[in-house]
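# Structure assessment
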Amino acid sequence: MLLPHRHRAALLDPLELPPLPGVDEWDGRLAYLDRDGVLNDNDEGYVNSEADFFLFNGIADLVASLRISGYRIVVVTNQSPIGRGWWGHDRLEGIHDLMISELLAGNELAVIDLILYSPYAPSDQAWSRKPCPGMLQVARQLLDLTAAGQQLVESNLLYGPEYSGKPDAEAGSVMVGDRDSDEGAAAAHGVRFLRTPGDTGLAAVIDRML
């Protein structure tokens, strides 16, 4: 099983969930966000370095507004340049560090709860590469287990066909992306999908989410 990777952590390392600013208790809603075309511009294709990374204007306030309304934020992004051998995990870490710092600089409430990425090439046919649902399945389980105070151990995590989810677990959640692969992952996971036009990102669908 080709598992997703987690930003600057092993997949099952303890996860800290900061309090949500607008609610007393998280009700289980997740905003699964693709990265390119949702949080940042990707007119030039792949984001190959920190110099290529540009957040959309006002995106920090939009992410903060989702958290204030009760969503936890999960970024799920395909990153096949790693699997293709173009560059490595360390470069992606730098890009994601920049994303995190710029979001928080724009609004201190614009916290990303979890970043998962699939480093595999399309030819790998990885369960954790969108349009397969692997990243969404793992994100749901990591956050639910953490919120319930349970350990993140191999025996508590289900992969691929073994994963069945919970009834109505994603009733209030949403996947936002700009590609058919994002829509496919949402459908396979059983979560509502909203498509961005790619040139405005999350701003195009934020009203429907809130």
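This report concerns the structure included in the present document. (Residues numbered from 1 in each chain as written. Predicted model: local features only at pLDDT ≥ 70, side-chain atom pairs only at ≥ 80, totals over all residues. Heavy atoms only, no water.)

## Concerning the pairing of strand 3 (residues 72–78)
Extensive coverage of strand 3 is indicated by the burial of seven of its seven residues. In strand 3, alternate side chains face the same way, and those of R72, V74, V76 and N78 on one face and I73, V75 and T77 on the other are all buried. Both strand 2 (residues 30–33) and strand 3 contribute to a ladder of four bridges, which runs parallel. Its bridge partner lying in strand 3, Y32 is registered against V74. Taken together, the five bridges between strand 3 and strand 4 (residues 114–118) define a ladder with parallel strand orientation. Paired with V76 across the bridge in strand 4 is L116. (Buried < 20%, exposed > 50% of the residue type's maximum accessible area, 1.4 Å probe, protein only. Helix = DSSP H or I, 4+ residues; strand = E, 2+ residues; numbered from the N terminus. Pairing = 2+ DSSP bridges.)

## Observations regarding the nonpolar core
Among the nonpolar cores identified, the biggest contains 30 residues, and L39, I59, V63, L103, L202 and M209 are the most heavily contacted of them. For this core, the elements supplying multiple residues, two or more each, are strand 2, helix 1 (59–68), strand 3, helix 3 (89–106), strand 5 (174–177) and helix 6 (206–209). For this core, the element with the highest residue contribution is helix 1, accounting for five residues. Setting aside anything within four residues of it in sequence, one finds M209 in contact with A31, L66, Y71, V174, V176, R192, L194 and L202. In this structure, L11, L15, A139 and Y159 belong to the second largest nonpolar core, which totals 27 residues. (Core = buried A, V, L, I, M, F, W, Y, C linked by side-chain atoms within 4.5 Å. Contact = heavy atoms within 4.5 Å.)

## Quick word on the pattern of salt bridges
The final tally for this structure, using the stated rule, is 12 salt bridges. E93 is paired through a salt bridge with R8; the nearest N and O atoms lie 3.2 Å apart. Here the residue E93 occupies a position in helix 3, and R8 occupies one in the loop between strand 1 (5–6) and strand 2, the gap between them amounting to 85 residues. We classify E93 as partly exposed; its relative accessible area is 22%. The network of salt bridges with common partners includes R8, E93 and D97. (Salt bridge = Lys/Arg side-chain N within 4 Å of Asp/Glu carboxyl O.)

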